[in-house]
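A closer look at the structure
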Amino acid sequence: MPQDSAIFKIQRYDPEVDTLPYFTTYNVSLRKGMTVLDGLLDILDQQDGSLAFRASCRGAVCGSDSMYINGAFRLACNTAIVPLLPREITINPLPYMRIVKDLVVDMDPFWTAYERIKPYLINPETAPERERYQSPKDRKHIDEMLDCILCASCYSSCPMVWSDSEFLGPAAFLKAYRFVGDSRDQGQRERIKAVGHENGVWRCHTVFNCTEACPKKINVTWSIEALKRRSIVNRLKFWQR
Amino acid sequence: MIRTAKTRERNLNTPLWPANYRTGMWAWTFHRISGLALSGYLIMHIIVISSSTAGSQGVNFDKLLSQLTQPFFLALDLLLWAAVLYHTLNGIRVLLFDAGIGVRNQKVVFWGFMAVAVLAWIAGLVLIFPFIMGRPPVRA
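Conventions we followed
- The numbers attached to residues start from 1 for each chain and follow its sequence in the written order.
- Both sets of labels track the order of writing: A upward for chains, 1 upward for ligands.
- In keeping with the predicted nature of the model, local features appear solely for residues at pLDDT of at least 70, side-chain atom pairs appear and are counted solely at 80 or more, and the whole-chain, interface and lining totals rest on all residues.
- Calculation of side-chain values draws on the structure's entire complement of heavy atoms; hydrogens and water are dropped beforehand.
- Delimitation of the domains relies on an automatic or database domain assignment.
- Contacts are assigned to residue pairs that have any heavy atoms within 4.5 Å of one another.
- Accessible-area loss on putting two parts together, using a 1.4 Å probe and summing over both, is the definition of buried area adopted here.
- What makes a salt bridge here is a side-chain nitrogen of Lys or Arg within 4 Å of a carboxyl oxygen of Asp or Glu, nothing more.
- Two N or O atoms count as a polar contact when they lie within 3.5 Å, although within protein this holds only if one can serve as hydrogen donor and the other as acceptor, and sequence-adjacent residues are included solely when both atoms are side-chain atoms.
- Every helix listed is a DSSP run of H or I at least four residues long, and every strand listed is a run of E at least two residues long, numbered separately from the N terminus.
- Lys, Arg, Asp and Glu make up the charged group, whereas Ala, Val, Leu, Ile, Met, Phe, Trp, Tyr, Cys and Pro make up the nonpolar group; the residues left over, Gly among them, are polar.
- Only the six-membered ring of Trp is used, alongside the rings of Phe and Tyr, when aromatic pairs are assigned; centres must lie within 6.5 Å, and planes under 30 degrees apart are stacked while those over 60 apart are edge-to-face, with the rest tilted.
- Burial classes follow relative accessibility: with a 1.4 Å probe on protein chains only, a residue under 20% of its type's maximum area counts as buried, one over 50% as exposed, and anything between as partly exposed.
- To sit over a ring, a charge needs its Lys NZ or Arg CZ within 6 Å of the ring centre and within 35 degrees of the ring normal.

1. As for the domain arrangement of chain A
All names here are of chain A. Taken domain by domain, chain A consists of domain 1 (5-105) and domain 2 (108-239). For domain 1 and domain 2, the distance between their C-alpha centroids amounts to 29 Å. In this complex, domain 1 contributes twelve residues to the contact, which on the side of domain 2 involves twelve residues. For the pair domain 1 and domain 2, the summed buried area comes to about 970 Å², and 66% of that belongs to carbon and sulfur atoms. It is Phe73, Tyr96 and Met97 in domain 1 that bury the most area against domain 2; as a group they hold 49% of the surface buried on that side.

2. Some points on the interface of chain A and chain B
The figure often quoted for interface size is the accessible area lost as the parts come together. On the side of chain B, 30 residues touch chain A, which itself brings 40 residues to the contact. Both sides of the chain A and chain B interface together cover about 3000 Å² of buried area, and 54% of this is carbon and sulfur. Area buried by chain A at its contact with chain B is led by A:Phe23, A:Phe208 and A:Glu212, which between them contribute 19% of it. For the pair chain A and chain B, the number of links is four salt bridges. A salt bridge links A:Glu212 to B:Arg22, with the shortest nitrogen-to-oxygen separation between them at 3.2 Å. Viewed at the interface, chain B and chain A are joined by twelve residue pairs in polar contact (both at pLDDT 80 or more). A total of six residues in the side of chain A that touches chain B trace back to one element, the largest contributor, which is strand β2 (residues 22-29) of chain A. By residue class, the composition of the side of chain A that touches chain B is 18 nonpolar, 14 polar and eight charged.

3. Brief notes about the packing of aromatic side chains
Taken as a whole, this structure holds 13 aromatic pairs over all chains when the rule is applied. Ring centres of A:Phe167 and A:Phe173 lie 5.5 Å apart, and the angle between their planes is 65 degrees; on these two criteria the pair is classed as edge-to-face. For the pair A:Phe167 and A:Phe173, a shared accessibility class is recorded, and that class is buried. Between the aromatic rings of B:Phe110 and B:Trp111, the centroid separation amounts to 4.9 Å while the plane-to-plane angle is 75 degrees, which identifies the pairing as edge-to-face. Note on B:Phe110: relative accessible area 6%, which makes it buried. Here A:Lys9 stacks its cationic end above the ring of A:Phe23, 4.6 Å away from the centre of that ring. Across from the ring centre of A:Phe179, 4.2 Å away, lies the NZ or CZ of A:Arg178, which sits over that ring.

4. Some details on the environment of A:Asp102
All names here are of chain A. Mapped onto the elements, Asp102 comes out in the loop between β6 (99-101) and β7 (104-105). Residue classification places Asp102 among the buried residues on the basis of a relative accessible area of 2%. A sequence separation of 79 residues divides Asp102 from Gly181, and the C-alpha atoms of the two residues are 38 Å apart. One polar contact links Asp102 to Arg12, side chain to side chain, over a distance of 3.0 Å.

In structure tokens, the structure reads:
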């Protein structure tokens, strides 16, 4: 007989009140096709209005509700409850990030790193009247990187991010390659400069945690390795310095 | 709400808990451990070898070496062989990724290299086993 309720064990922490994080357990009655986010919204609605978490689109597009659920990085909206049963559903905020409240973490370091790689088109040429043309083949090359929704799962999963606050983190590198590999972009040199240093791609130890964490199944490590090679080639081109 | 415990519970729902490790994280962890072990071995090795200059006519060194070829130390050599194999082969694996080879098949590459490591370790075991048992093969 299918279970008609699930146990949610959620880490709570309000830095203004609590000295340490603690777990609160909720019993959520199940409806057909429920996701973890549906469960959280039910708890907020019916059981505990003080629970804090981020969520916006409910469709795995905005990347707001990435959490650490039952030993894996998942988007709450994209995670069905039934396959996780009969275990209780343990939810932690993104690990190793400063907790603002409960499941809400401080994303500032993530966005600061993202800003450093200049995540916008750099092309001094005047834009053509209709569009900057890109062949389907060139477009396909950056397909994977475009899927990133900036949920910070990879950032939070990376042991180098845990140990080095200056490290830019996997998401920034992925987005850097999204532009470096884009045939319409001409900012390659500045971006490679922004990532090709000690706290950039060279801090990466190829642990593959980012790739494992990505809820969009992007191979983040591939982009980081591609940037490492670009960085070397850039360093060797002494006549361009 | 069932209960609210205001104590710090043991939190195993973290990527640092080994049950949540994936292949790449294990590979990296063991790479670190084997690296530290090899550094420690290297220091010991330098101390042992440099002791050959102490004493007259290398007598002390001969004594030391005869100690180090006792079965116990030969068995330890098998551990060293395992650390060397793991660190070398996983190092090559990471270098291949840097060269852009196999990044998308990292788990297959890992287990492939581990298969090589196991075979090479068994070869080492076969070679050293007679010495551990105190029956060195007779040389012609």
